[in-house]
Amino acid sequence: MSDSEEDSQDKQLKIVVIGDGASGKTSLATRFAQEAFGKQYKQTIGLDFFLKRITLPGNLNVTLQVWDIGGQTIGGKMLDKYVYGAQGVLLVYDITNYQSFKNLEDWYGMVKKANEESDVQPVVSLVGNKIDLEHMRTVKADKHQRFCQENSLISQFVSAKSGDSVFLAFQRVAAEILGVKLNKAEIEQSQVSLAFIRPFISRFPERINPSLSPARLGYCCNLRQHSPF
Ligand SMILES: Nc1nc2c(ncn2[C@@H]2O[C@H](COP(=O)(O)OP(=O)(O)OP(=O)(O)O)[C@@H](O)[C@H]2O)c(=O)[nH]1
């Protein structure tokens, strides 16, 4: 393969999503990769894979392999094999479930152990999910921030249900792995909830290609001011 052919191939990053059962890992992965959300809880047995191609600033195409790891795998024999070699880790908890936050110490400990012999450590993000349920929050934001500071983690709050900041959560990890800086405008654009954009997509499908990622939907996000909603 020539150098230019190699260059034209997307980079692939392995991103694992871990945390307690029912914290919303599958929901985050499906929201990110398929722009969908299901209310029904269906436990992940073992793991699921999702692939999603995104474009980072500088026209850098990258394909994320998202490994959605079932919450019941903690303590199991396969877990460190799933996590081994990940370049990025999303440590997910449910902001309405304090125990799911407490248990992240075990999950994070296992990430460190699985990678202790690797030269490069994964980029890790602490992801507080279900912020649409803010009124039911039991994990104070300052506890979240302290955990991030103590362990040098990226901090992110998201809602798989509304779509709020889900793309951003994955985008920030990918950017950090590849040493790409996201500017404020790019971050704000990625925060736009797909739930907001969707009614417009369904009413004017010919004007918007829904397979485009929010980061590439700058003109769509700007429709906020001009749309009839
Ligand atoms: N309100 C709300 N519910 C959510 C959100 N994310 C997930 N859920 C719900 O929480 C439940 C569990 O979500 P899953 O995505 O299956 O959780 P999981 O972490 O993959 O669970 P395991 O497969 O057991 O590891 C489902 O009923 C989801 O609909 C969210 O952001 N807001």
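Residues numbered from 1 in each chain as written. Predicted model: local features only at pLDDT ≥ 70, side-chain atom pairs only at ≥ 80, totals over all residues. Heavy atoms only, no water.

The chain has the name Ras-related protein Rab-28 in an unreviewed UniProt entry, where Hucho hucho is given as its organism. Entered under Sequence similarities (unreviewed entry) in the UniProt record, the comment concerning the chain runs "Belongs to the small GTPase superfamily. Rab family." Turning to the chain, the UniProt annotation filed under Catalytic activity (unreviewed entry) states: "GTP + H2O = GDP + phosphate + H(+)". (UniProt positions renumbered as here; feature names shortened; annotations may be inferred.)

K.L.:
It is not clear to me how the overall build of the chain should be interpreted in this structure. Could you clarify?
P.N.:
A tally of helices and strands in the chain yields 11 helices and 6 strands. Buried positions account for 46% of the 229 residues belonging to the chain. Sequence-distant contacts, at least 24 apart, represent 69% of the contacts inside the chain between residues at least 6 apart. Just so you have it, the chain exposes about 12200 Å², and 48% of that area is on carbon and sulfur atoms. (Helix = DSSP H or I, 4+ residues; strand = E, 2+ residues; numbered from the N terminus. Buried < 20%, exposed > 50% of the residue type's maximum accessible area, 1.4 Å probe, protein only. Contact = heavy atoms within 4.5 Å. Areas by Shrake-Rupley, 256 points an atom, 1.4 Å probe, with all protein chains shown as cover.)

K.L.:
Please explain the layout of surface pockets as it appears in this structure.
P.N.:
Leftover empty space is mapped by rolling, across the atoms, a probe with the size of a water molecule. Size it by volume and the largest pocket reaches roughly 590 Å³. For the largest pocket, the lining is made up of 27 residues, of which Gly 24, Ser 27, Gly 38, Gln 40 and Tyr 41 are closest to its centre. If one sorts the elements of the lining of the largest pocket by residue count, helix H2 (residues 25-34) sits on top with 4 residues. A per-class count over the lining of the largest pocket returns 6 nonpolar, 13 polar and 8 charged. In this structure, the second largest pocket encloses a volume near 220 Å³. (1 Å grid on protein atoms, 1.4 Å probe; cavity = no way out; pocket = protein on both sides within 12 Å on 5 of 7 lines; lining within 4 Å. Points joined across faces, edges and corners; volume = space filled by probe spheres on them. Nonpolar A, V, L, I, M, F, W, Y, C, P; charged D, E, K, R; others polar.)

K.L.:
Would you mind showing me how to read H2 here?
P.N.:
Each turn of an α-helix holds 3.6 residues, which means side chains three or four residues apart point in the same direction. Summarising burial for H2: 7 of the 10 residues are buried, a large majority. Among the residues of H2, those classed as buried are Lys 25, Ser 27, Leu 28, Ala 29, Thr 30, Arg 31 and Phe 32. In the stretch just after H2, Glu 35 is the one whose phi turns positive, near 55°.

K.L.:
Quick question: what am I supposed to make of the nonpolar core here?
P.N.:
Looking at soluble globular proteins, one finds that nonpolar side chains tend to be buried together. By size, the foremost hydrophobic cluster in this structure holds 28 residues, and its most contacted members are Phe 32, Ile 54, Leu 64, Val 66, Leu 90 and Phe 170. Secondary structure elements with two or more residues in this core: strand S1 (11-19), H2, strand S2 (47-56), strand S3 (60-69), strand S4 (88-94), strand S5 (123-129) and helix H7 (166-178). At 7 residues, H7 tops the list of elements feeding residues into this core. One finds Leu 79, Ile 95, Leu 104 and Tyr 108 within the second-largest nonpolar core, a separate group that totals 26 residues. (Core = buried A, V, L, I, M, F, W, Y, C linked by side-chain atoms within 4.5 Å.)

K.L.:
Teacher, can you tell me more about the sheet that holds S5 here?
P.N.:
What links the strands of a sheet is backbone hydrogen bonding, and the strands pair in either a parallel or an antiparallel sense. Sheet architecture is open: 6 strands sit in the order S2-S3-S1-S4-S5-S6, paired in mixed fashion. The open sheet has two edge strands, S2 and strand S6 (154-157), and neither has a second partner. On average, each strand axis in the sheet is inclined to that of its neighbour by 25°, with strand direction left out of account. Here S1 runs beside S4; their pairing, made up of 5 bridges, is parallel. (Pairing = 2+ DSSP bridges. Axes fitted to C-alpha atoms, helices over the stretch in contact; angles between N-to-C directions.)

K.L.:
I keep staring at the pairing of S2 and nothing clicks. Help me out?
P.N.:
Within a regular beta strand, the side chains point alternately toward one face of the sheet and then the other, so they alternate between its two faces. Sheet topology places S2 next to S3; 10 bridges connect them, and they run antiparallel. In the strand pairing of S3, Thr 55 is matched with Asn 61. Taken together, S2 and the strand that follows it, S3, pair antiparallel across an intervening segment of 3 residues, in which Gly 58 is found at a positive phi of about 85°.

K.L.:
Looking at this structure, how should I read a positive patch on the surface?
P.N.:
There is a patch of like positive charges on the surface, built from Lys 102, Lys 140, Lys 143 and Arg 146. Checked against the element boundaries, Arg 146 lands in helix H6 (residues 141-151). (Patch = residues over 30% accessible without salt bridge, like charges linked within 9 Å, V, L, I, M, F, W, Y side chains within 5 Å. Salt bridge = Lys/Arg side-chain N within 4 Å of Asp/Glu carboxyl O. Lys, Arg positive; Asp, Glu negative; His and termini not counted. Charge placed at Lys NZ, Arg CZ, Asp CG, Glu CD.)

K.L.:
What exactly am I supposed to notice about the packing of aromatic side chains here?
P.N.:
In this description, an aromatic ring pair is defined by two values, namely the gap between the centres and the angle between the planes. A full pass over the atoms with the stated rule returns 7 aromatic pairs. Both rings, one in Tyr 98 and one in Phe 101, keep their centres 6.1 Å apart while their planes meet at 50°; by these two values the pair is tilted. Taken as a pair, Tyr 98 and Phe 101 lie in helix H4 (residues 98-102) at a separation of 3 residues, close to a single helical turn. Since its relative accessible area comes to 8%, Phe 101 is described here as buried. Here a set of aromatic residues connected by ring pairs shows up, and it is made of Tyr 93, Tyr 98, Phe 101, Tyr 108 and Phe 147. Above the ring of Trp 67, the side-chain terminus of Lys 14 is found at 3.8 Å from the ring centroid. Cation over ring: Lys 52 sits above Phe 32, and NZ or CZ is 5.8 Å from the ring centre. (Phe/Tyr/Trp six-rings, centres within 6.5 Å; stacked < 30°, edge-to-face > 60°. Lys NZ or Arg CZ within 6 Å of the ring centre and 35° of its normal.)

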